[in-house]
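An overview of the molecular structure
This is what each chain is made of:
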Amino acid sequence: MNKSRFRVNTLVFVMLVALLATSVVGAAPKDGPVVSLSVAQSEFNSAQDVLVLVTVSNPTKHTVRVLKWFTPAEGVEEPLFMVKRDGQPVAYIGAYYKRPAATGKDYISLKSGESFTSVVNLGDYYDLSESGQYEVAYGVASFNLFDEKGNAFKFRDTLTSEKISLKAAGRAPRAKPTPPPTPTPGGNSFNACTVTQQSQLVSARNQAKTYASNAENYLLANNQGPRYVTWFGVFSSSRYNTVRSNFTAISNAMDNAGVAFDCKCKQNYYAYVYPNQPYNIYLCKVFWTAPLSGTDSKAGTLIHEMSHFNVVAGTDDVVYGQTGAMNLASTDPNLAITNADNHEYFAENTPPQQ
């Protein structure tokens, strides 16, 4: 992992630890769902999968809802856990997704007394390559965790668990998906993409180059106007330098990296990437209905995904959507500078700001 990615992981980890320290085990609000973790054994050899049972339950007297993206109900699609090995944060190696805004169908409803349990193979999503004593806790936060309309207080609701401890021997990283064909530097390669899709991707990358260059030039000129404040919050030199460095790396990658596009995804998302697999970008259904430019565009999606790669900016998905990104910038600029959507919306600059 490169140093910038480690700093981002550590910052997010510290923030989530703070959530654990200030939250009742289970959830905020205090009459919401709760989550608990368990393992069948306390020690795992290198041939054994580290299986963690995650139970989300509703102890209240009313129905509660939780955004399924932040549960393992349909597989792990977010860094749901805070994992430490011998006291040090462990990297998430799963996919990062760009999704459309949450709707009612994206929520799981639990009636009073109901629960569901999912089994997660921790090694599929976290780096367990080294032997040691591991601590695992569930910790997610989102403005719309319990309601697609968010909450009236503009803070992120949380769902956390107590930590569990286990000993695990190091094991080889999980098998990676077969990557798309390797392109030449600065070029594109395509897998399972129609001729029309290939043409759209070339146009989207060209527009993304323009976006990235414009964003980099804005920051190199030391501009600190509404455009910056809207997406990254109140000015501080250290945060500004981080964002400027991120866009220099994004622009360089857009211009010079060999990008491999894969069009097989059928999920109702825009796209996803594995942060430790540059520069493979997997395009999904919503991407093809997005406009070329503007808010949540094809070009902006490529900015979002490029920012995720460890060798580029190592961003995370702290929140999704323009409203969430703006709220994050105003309430927690330290996290806004780590969020992929904040980078995308800054680059798209729609509507235009100075």
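This text goes with the structure placed above it.
Now for a look at the structure at hand. (Residues numbered from 1 in each chain as written. Predicted model: local features only at pLDDT ≥ 70, side-chain atom pairs only at ≥ 80, totals over all residues. Heavy atoms only, no water.)

Moving on to the packing of aromatic side chains. Using the criterion set out here, one finds 20 aromatic pairs in the structure. Relative to Tyr-269, the ring of Tyr-97 lies with its centre 5.1 Å away and its plane at 70°, an arrangement referred to as edge-to-face. Of this pair, Tyr-97 sits in strand β8 (residues 96–98) while Tyr-269 sits in the loop between β15 (259–262) and β16 (271–273), placing them 172 residues apart in sequence. For Tyr-269, a relative accessible area of 11% gives the class buried. Considering the side-chain rings of Phe-232 and Phe-346, the 5.3 Å spacing of their centres and the 55° angle between planes classify their relative orientation as tilted. (Phe/Tyr/Trp six-rings, centres within 6.5 Å; stacked < 30°, edge-to-face > 60°. Helix = DSSP H or I, 4+ residues; strand = E, 2+ residues; numbered from the N terminus. Buried < 20%, exposed > 50% of the residue type's maximum accessible area, 1.4 Å probe, protein only.)

On to the packing of helix α2 (residues 195–220) against helix α9 (residues 340–348), then. Running from N to C, α2 and α9 cross one another at 90°; their axes reach a closest spacing of 8 Å. By the angle class used here, α2 and α9 are roughly perpendicular. Where α2 abuts α9, its residues Tyr-211, Ala-215, Tyr-218 and Leu-219 lie against Phe-346, Ala-347 and Glu-348. (Axes fitted to C-alpha atoms, helices over the stretch in contact; angles between N-to-C directions. Parallel < 35°, antiparallel > 145°, perpendicular 65-115°, else oblique. Contact = heavy atoms within 4.5 Å.)

Further remarks concern the state of the cysteines. The final tally for this structure, using the stated rule, is two disulfides. Here Cys-265 is linked by a disulfide to Cys-284, with a sulfur-sulfur distance of 2.2 Å. Sign of the S-S torsion, about 95° for the bond between Cys-265 and Cys-284, identifies this disulfide as right-handed. On the criterion of sequence distance, the pair formed by Cys-265 in the loop between β15 and β16 and Cys-284 in the loop between β17 (280–283) and α5 (285–289) is long-range, its members being 19 residues apart. Assigned by exposure class, Cys-265 and Cys-284 land together as buried. Here the protein pairs its bonded cysteines, counted in sequence order, in the arrangement 1-2, 3-4. (Disulfide = S-S within 2.5 Å.)

Attention now goes to helix α4 (residues 237–256). Here α4 is 20 residues long and its end C-alpha atoms lie 28 Å apart, about the 28 Å a rise of 1.5 Å per residue gives. Burial in α4 covers these residues: Arg-239, Tyr-240, Val-243, Asn-246, Phe-247, Ile-250, Ser-251, Ala-253 and Met-254. One side of α4 holds all its buried residues, which, seen down the axis, span an arc of 165°. Where α4 is buried, its residues meet α2, α3 (226–232), α6 (298–308), α8 (333–336) and α9. (Expected span 1.5 Å × (residues − 1). Arc of directions from axis to C-beta.)

This next bit is on the nonpolar core. Counting 48 residues, the largest nonpolar core has Phe-81, Leu-122, Tyr-126 and Tyr-138 as the members making the most contacts within it. Element by element, the count of residues in this core is highest for strand β11 (residues 132–142), at four residues. In this structure Phe-81 touches Leu-37, Val-54, Val-120, Leu-122, Tyr-126, Val-136, Ala-137 and Tyr-138, once residues within four positions along its chain are discounted. Counting 43 residues, the second largest nonpolar core, distinct from the first, contains Met-254, Leu-283, Phe-287 and Tyr-345. (Core = buried A, V, L, I, M, F, W, Y, C linked by side-chain atoms within 4.5 Å.)

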